[in-house]
Amino acid sequence: MRLIDVILPLAIRDTYTYALPANMPDPESGMRVLVPLVKKTITGIVLRTYQGDAPEGVQLREAIEVLDEHPLVLPAQLRLWRWIADYYMCTIGEVMVAALPSKLIDNDYTAQTETYITLSPQFADVEQLQPVFDCLKRAPKQLELLEIFLEMSGVFDGESHPVERRELVEQSGGSVAILRTLIEKGILVEKKEVVSRLSSYDLTVENAHELNGEQQRAKMEIEAGFQDGKVCLLHGVTSSGKTEVYIHLIRAMLDTGKQVLYLVPEIALTTQLTSRLQRIFGKQLGVYHSRFSNMERVEIYRDLLDSSEPKVILAARSGVFLPFRNLGLVVVDEEHDSSFKQQDPAPRYHARSVAIVMAQQAGAHVLLGTATPAIESYYNAQTGKYRLVELTQRYAGLSLPAIHVVDLKMQYHRKEMYDHFADPLVEKIRTQLSAGKQIIIFQNRRGYAPHLACKACGYVPKCCNCDVSLTYHKRISALVCHYCGYTIAVPPACPQCGGEMRDQGMGTEKIEDEVARLFPGARIARMDLDTTRTKHGHQRIIEQFARHEVDILVGTQMVTKGLHFDEVSLVAVLNADSMLQMPDFRSYERAYQMLEQVAGRAGRTGSQGEVIIQAFQPDMPVYTYLQNHDYRGLYREQISERKVFRFPPFYRLIVLNIKHREYSRLDTASRMLQEQLGRIFGNCCSAVLIPPVARVQNMHLRQIRLRIPVTASFSQAKARVVQAIAAVQALPACKGTIIQPDVDPL
Ligand code: ADP
Ligand code: ZN
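Since the structure is predicted, the reported quantities are computational estimates derived from the model, not experimental observations.

Student: A description of the coordination of the zinc ion (ligand 2) should follow, citing residues and the corresponding values.
Tutor: Each protein donor to the zinc ion (ligand 2) is listed here as C463 (SG), C466 (SG), C481 (SG) and C484 (SG); together their distances run 2.3 Å. Viewed at the metal, the four donor atoms of the zinc ion (ligand 2) are separated by angles of 106 to 114°, and the geometry they form is tetrahedral. Written as a sequence motif, the donor residues of the zinc ion (ligand 2) are C-x2-C-x14-C-x2-C. Pair noted here: C463 is in the loop between β20 (451–454) and β21 (471–473) and C481 is in the loop between β22 (478–480) and β23 (487–489), with a separation of 18 residues, a long-range link. Neither C463 nor C481 differs from the other in exposure class; each is buried.

Student: Could you give me a rundown of the domain arrangement of the protein, with the residues and numbers involved?
Tutor: It is common to report an interface's size as the accessible area lost on association of the parts. In terms of domains, the protein is made up of domain 1 (2–106), domain 2 (121–186), domain 3 (213–394), domain 4 (402–449 + 505–641) and domain 5 (651–743). Of note, the centres of domain 1 and domain 4, computed from C-alpha atoms alone, are 50 Å apart.

Student: For the environment of H70, give the residues involved together with the corresponding values.
Tutor: Within the fold, H70 resides in the loop between β5 (65–66) and α1 (75–87). Taking relative accessible area as the criterion, H70 reaches 60% and is therefore assigned exposed. Residues H70 and E28, spaced 42 residues apart in sequence, show a C-alpha to C-alpha distance of 7.7 Å.

Student: Residues and numbers for the packing of aromatic side chains, please.
Tutor: Counted under the stated rule, the structure contains 16 aromatic pairs. Taking 4.8 Å as the distance between ring centres and 70° as the angle between the ring planes, the aromatic pair formed by Y378 and Y635 counts as edge-to-face. One end of the pair, Y378, is in helix α14 (residues 375–382); the other, Y635, is in helix α22 (residues 631–644), and 257 residues separate them in sequence. Residue Y378 shares its accessibility class with Y635, and that shared class is buried. A network of ring pairs unites the aromatic residues W83, Y87, Y88 and F714 as a single cluster. In this arrangement the basic side chain of R48 is found over the ring face of Y50, its NZ or CZ atom lying 3.9 Å from the centre. Sitting over the ring of Y651, R646 keeps its end group 5.7 Å from the ring centre.

Student: Go over the site of ligand 1 with me, naming the residues and quoting the values.
Tutor: Taken together, 16 residues lie near ligand 1, and E210, Q215, K242, T243 and R276 sit nearest. S239 places a polar main-chain atom, nitrogen or oxygen, 2.9 Å from an oxygen atom of ligand 1. Contact with the protein chains covers 84% of the free accessible surface of ligand 1, which is 560 Å². Counting residues per element, the shell around ligand 1 draws most heavily on helix α10 (residues 242–255), which supplies three residues. Class assignment for the residues of the shell around ligand 1 results in three nonpolar, eight polar and five charged.

Student: I'd like a description of helix α5 (residues 140–153), backed by residues and values.
Tutor: For α5, built from 14 residues, the straight-helix expectation of 20 Å at 1.5 Å per residue is met to within 8% by its first-to-last C-alpha distance of 20 Å. Among all positions of α5, only Q142, L143, L145, L146, I148, F149, L150 and S153 are buried. The positive-phi residue at the C-terminal boundary of α5 is G154, with phi of around 80°.

Student: Tell me about the pairing of strand β29 (residues 651–660), and name the residues and values.
Tutor: Among the 10 residues in β29, eight count as buried, and that is most of the element. Here β29 pairs with strand β31 (residues 699–709) via 10 bridges, running antiparallel. Paired with H660 across the strands is H700, a residue of β31. Note: β29 against strand β32 (residues 738–743), six bridges, orientation antiparallel. Looking at the pairing, N657 lines up with Q740 of β32.

Student: For the sheet that holds strand β4 (residues 40–51), give the residues involved together with the corresponding values.
Tutor: Strands belonging to one sheet form pairs held by backbone hydrogen bonds; the direction of such a pair is parallel or antiparallel. Taken in spatial order, the five strands make up an open sheet running β2-β1-β4-β3-β5, and their pairing is antiparallel. Only two strands of the sheet have a single neighbouring strand rather than two, namely β2 (16–19) and β5. Here strand β1 (residues 2–7) runs beside β2; their pairing, made up of four bridges, is antiparallel. By the bridge assignment, D5 is partnered in β2 with T17.

Student: Summarise the packing of α14 against α22; cite the residues concerned and give the values.
Tutor: Two numbers describe how α14 lies on α22: the axes approach to 11 Å, and their chain directions differ by 95°. The pairing of α14 with α22 is recorded here as roughly perpendicular in orientation. The residues of α22 that touch α14, namely those facing I375, E376, Y378, Y379 and Q382, are Y631, R632, Y635, Q638, I639 and R642. Here the contact of α14 with α22 is built from residues that sort into six nonpolar, two polar and three charged.

Student: Account for helix α2 (residues 92–99), with residues named and values stated.
Tutor: At 3.6 residues per turn, the α-helix brings residues three or four places apart onto the same side. In terms of burial, α2 is largely enclosed, as six of its eight residues are buried. Among all positions in α2, only I92, G93, E94, V95, M96 and A99 are buried. On its buried face, α2 is in contact with β1, β4, α1, α3 (102–105) and α12 (294–306).

Student: Tell me what's going on with the pattern of salt bridges, and back it up with residues and numbers.
Tutor: For side chains of opposite charge, pairing can occur when their charged atoms come near one another. Tallying each qualifying case throughout the model produces 42 salt bridges. Via salt bridges that share partners, K474, R475, E512, D513, R526 and D528 belong to a single interconnected network.

Definitions and cut-offs
Residues numbered from 1 in each chain as written. Chains lettered and ligands numbered in written order. Predicted model: local features only at pLDDT ≥ 70, side-chain atom pairs only at ≥ 80, totals over all residues. Heavy atoms only, no water. Donors = N, O, S within 2.8 Å, 3.2 Å for Na, K, Ca; no water. Tetrahedral: all angles 85-135°; square planar, octahedral: opposite > 155°, others 65-115°. Helix = DSSP H or I, 4+ residues; strand = E, 2+ residues; numbered from the N terminus. Buried < 20%, exposed > 50% of the residue type's maximum accessible area, 1.4 Å probe, protein only. Domains from an automatic or database assignment. Phe/Tyr/Trp six-rings, centres within 6.5 Å; stacked < 30°, edge-to-face > 60°. Lys NZ or Arg CZ within 6 Å of the ring centre and 35° of its normal. Near = heavy atom within 4 Å. Polar contact = N/O pair within 3.5 Å; in protein donor to acceptor, adjacent residues only side chain to side chain. Areas by Shrake-Rupley, 256 points an atom, 1.4 Å probe, with all protein chains shown as cover. Nonpolar A, V, L, I, M, F, W, Y, C, P; charged D, E, K, R; others polar. Expected span 1.5 Å × (residues − 1). Pairing = 2+ DSSP bridges. Axes fitted to C-alpha atoms, helices over the stretch in contact; angles between N-to-C directions. Parallel < 35°, antiparallel > 145°, perpendicular 65-115°, else oblique. Contact = heavy atoms within 4.5 Å. Salt bridge = Lys/Arg side-chain N within 4 Å of Asp/Glu carboxyl O.

Printed below as a string of C-alpha cells:
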C-alpha cells in the first residue's frame, strides 16, 4: 500500500505514518496534507511518499486531503529542519511550528476566501477623514470601529495596509452589522484579495555611498574569504561603516541574480535601518518581522516560494526558515547578540549557527558582523576557521567615545550624589543640555523599583506563582512579576505588620522621575518593554528622539542596539556593577558588549562623544578594556578563563531544564537523571542545580549541566542523553516530569 510520513506540529514524535486512499495522487514531499489525529484533523507536511506495509497489528489511518499543488516547504528547508531537530534535541514538528507562519498550518486557512478591509480610495489623504469623523459623532459604535480599523491598518503611523476582516471583527467585539454599515456608506471597502506589500513600494532607488579606502579593503578581504569558502567575521568598531560594507556586498550579490538574507536582532528592525535599505534596494527589499501580522509574513513566504528572483530579506532570527531558492549570501549583523538564540519554546536554536548550516547547504556565503564579537566567533577567527576582517576607524575620522568611570563608593562617601546621579554626571548632563545636545541614560531594569519592602518587618511581596519578588511599577500603581505577568495593586501598608512600604533599588521609571526632578525643562522619554508594547511604540520613541523632540532618553538595553542619532554627545550608565554580578561565565563578555554598544551611540557625528559609567567597583579590568576599546584584551582574558574552567569554545554545553508541579517528584526525577548521567559523563555532569529562580508559573525547576569536550562525538553524547531522559520519564515515581534540553545555552 502507499504510505506517507508526515510531520505534525507536535512535540511528541518525529513523524507519523498514514495510508493514502486509492483515489489520492502521490503528494510531493513538502506539501501540506490534512490528516486525522485522535478525534481531530490536523495539517501536516509530507516528508515522503513510499510503498510499504502497515506494521503488524497497526491499523493505519488514511490521509484526508492534500492541500497544495506545489510544495510549500522546499527540500532544502526540510534538510535544515532535520538538522535543527537533531542538533537542538527536539522534534521536527517543533521546528515546523517555528518555521511556518501559523496561518499556513492553521486548519481554517483558506487563502482564496480571505477578505480584507481597506479605506476607500477617496481618503488617500487621512485629513480628508475629518468630515467623516464629524458626521459619525452621532454613531459612536461606527466611529469606534473606524478608529480600531485605522489603528490596525497603521494609519496613525503614516502607513495604510489592508486589515483582515476576521481580525477586525474580532478586535471590535464582533460587530459585523456595524462594519457592513461603514462599507455601505462608502467609508470602508471590502476586498477578496490584497495587493502585495512587496510590490507596492514605489521608490526611487538611490546609489549606495562610495566606500572609503578602509571599507574598500575590508570588502575585498571579505570577498577573498568567500572565495576560500570561509565564513567571514567583520570586526568593525561602532560607526565604522559595517552597514555600508554589507550594502555593497549585497548589491554585488543581487547583481549576480542571487538572494540575500540579512539577519538583525529583533529590536534593531527599525525604520532607521529599513528605510536606509529601502532607499537603496527599492522593491528588491523584503522585511520579515515577528511583529508583522500573519498575513504580511505569509506574503513574504509565498513570494520567495514562487520565484527565485534576486531579493534581499531583512529579518529577525526566524528569517532562517524562509524558502530561499537561490541563496547567495547571509549577513548576520550584531552577531554577538543573544536575541539570536530562541530560549522558549523549542527549537532552542541559535540563528547564527543555523544560518551557517543553511548557507553551507545552499552553497552560499556567510558574513558575521559586529563591534564586539562573541568570544566563540572570535576564537573561530583566531584559529583560522573563519576569516577575520577588521575596520578600526570610525567613518569620517570621528574618534571613539571617551569613557570615564565614576567611583560610586567615593561619591556616596563624600555625599556627592543626587538621587542615583553622581555629581560629575549631573554637571556633564547640564553642560550638554545647554549646548543643545542629546543624552542617553542606560539602566538595565524596567519598572520603578525591583521590589517593595516593609520598613518595619522587612516583608517583600512575592509572586504567588514564581519564587521572585514583584517589581514595583509606579505608573500603574502595581506590583508585577516579570516572569509570569502576575499583577496586584500596591498594598497601602505591609500586609504582615501594617508597617510602611518603601521601594528598594531602581528601575527606568524611577530614573525617569529623578531626571525630571534634576533637570527641569528637559524633554524626557523612556524606552523599555513597558513603553514599546504596541507594534509601533518602539519606532515612535526612536523617531521622536531622532527629530530631537526629546533631550534625554532613559532606557534599558533596547537603546544599545544599532541606533544612529546625530546629536547624542553623552551616554550614561547608572550602575554597571549589576551586570557583572551575574553568576554566569558570560557575564563579563556580556557587560563589555553591552557597554561598548551603548557607548557606541555617542558622538556618531561631529565632536567626540563621552560616556560616563557609574560603578561601585571601578577597578574591574573590564573597565580598562572598555576605556581603551580593547576588545582583544577582553578576549585574551576570557578565552584563558574559559579554557581553565572548561567552557565553550573548548567544551560544548547542554543544560537540562527539569520541571514539575510537584516538588517531590521533581526532586526524585532530578536525582535519578543525575545518577544516570553521572555514570555516563563522570565529572562532566554537574550535580542537580537549583536555578536562581527555582519556581516559575507554579512549576518547580532544577537543572543539570553537561559539558562535552569538543574532541568527543557530540551526536553520540546527545543520543545517550536522550536515552537517559526517556528512562527517567518512564519511571512511575517521575510521572509528569518535563525535561527540556537546551543545547549551546546562552
Ligand atoms: P556601523 O554599521 O559600523 O555602525 P554605519 O554603516 O552605520 O556603521 O556607518 C555610520 C555612519 O557613517 C552612517 O551614517 C553612514 O551612512 C556613514 N558612512 C559610513 N561609511 C560611509 C561612506 N563610505 N560614505 C558616506 N557615509 C558613510
Ligand atoms: Zn510570577
